[in-house]
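What follows is the residue order along each chain.
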Amino acid sequence: MTIEGKWEFVSQTPMGEQKSTADFVREGDGFGGMQSGAQGANPVTGGKVSGDDVTWETKVAVPFPITLTFSGTVSGYEMKGQLKAGTLGTFAFEGKRVS
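A few points on the structure.

Calculation criteria
- Residues numbered from 1 in each chain as written.
- Predicted model: local features only at pLDDT ≥ 70, side-chain atom pairs only at ≥ 80, totals over all residues.
- Heavy atoms only, no water.
- 1 Å grid on protein atoms, 1.4 Å probe; cavity = no way out; pocket = protein on both sides within 12 Å on 5 of 7 lines; lining within 4 Å.
- Points joined across faces, edges and corners; volume = space filled by probe spheres on them.
- Nonpolar A, V, L, I, M, F, W, Y, C, P; charged D, E, K, R; others polar.
- Salt bridge = Lys/Arg side-chain N within 4 Å of Asp/Glu carboxyl O.
- Helix = DSSP H or I, 4+ residues; strand = E, 2+ residues; numbered from the N terminus.
- Buried < 20%, exposed > 50% of the residue type's maximum accessible area, 1.4 Å probe, protein only.
- Polar contact = N/O pair within 3.5 Å; in protein donor to acceptor, adjacent residues only side chain to side chain.
- Contact = heavy atoms within 4.5 Å.
- Phe/Tyr/Trp six-rings, centres within 6.5 Å; stacked < 30°, edge-to-face > 60°.

### A look at the layout of surface pockets
The probe, sized like a water molecule, is rolled over the atoms to show the empty space still left. Of the volumes computed, that of the largest pocket is approximately 430 Å³. Lining the largest pocket are 26 residues, with Met15, Gln18, Gln39, Leu68 and Leu83 positioned closest to its centre. For the lining of the largest pocket, the residue count by class is 14 nonpolar, 11 polar and one charged.

### Points about the pattern of salt bridges
Summed over all chains, the structure comprises one salt bridge. When the shortest N-O distance is used, the salt bridge between Arg26 and Glu4 registers 3.0 Å. Taken together, the residues span a long stretch of sequence, with Arg26 in strand E2 (residues 16-27) and Glu4 in the segment before strand E1 (5-13) at a distance of 22 residues. The exposed category is assigned to Arg26, whose relative accessible area is 52%.

### Here we look at the side chain of Arg97
Mapped onto the elements, Arg97 comes out in strand E8 (residues 90-97). Here Thr2 takes part through its backbone oxygen, which lies 2.7 Å from a polar atom of the side chain of Arg97. Within polar-contact distance, the side chain of Arg97 engages the backbone oxygen of Glu4 at 2.6 Å. Beyond its immediate sequence surroundings of up to four residues, Arg97 is in contact with Thr2, Ile3, Glu4, Lys6, Trp7, Gly76 and Tyr77.

### Focus: the packing of aromatic side chains
Throughout the structure, instances matching the rule amount to 11 aromatic pairs. Centre to centre, the rings of Trp7 and Phe9 are 6.1 Å apart; their planes meet at 5°, and the pair counts as stacked. In this structure, Trp7 and Phe9 share a single accessibility class: buried. Relative to Trp56, the ring of Phe24 lies with its centre 5.0 Å away and its plane at 70°, an arrangement referred to as edge-to-face. Placement of the pair is Phe24 in strand E2 and Trp56 in strand E5 (residues 53-60), with a sequence separation of 32 residues. Taken together through their ring pairs, the aromatic side chains of Trp7, Phe9, Phe24, Phe31, Trp56, Phe70 and Phe93 make up a single cluster.

Okay, here's the thing in structure tokens:
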């Protein structure tokens, strides 16, 4: 399974659906890239792949500084998982590879 490429995500949060895109690139044993959404564009860090499972983080500064930690499972061109938003809680997300 390869994670590289462009992905579109929708996260279900108390503020409603939050959409983002990510461009993942291989970095050593893992992956990095950029993730963009309403909070702007932010680097992807700590990307890891284990079988079909993936994890990564991105830090946003708007509306306040917070680390978003994603963990998901890839099946073909789709991904489903959980987004931990610091002390705000954990929320479901879905994604699809678009290129």
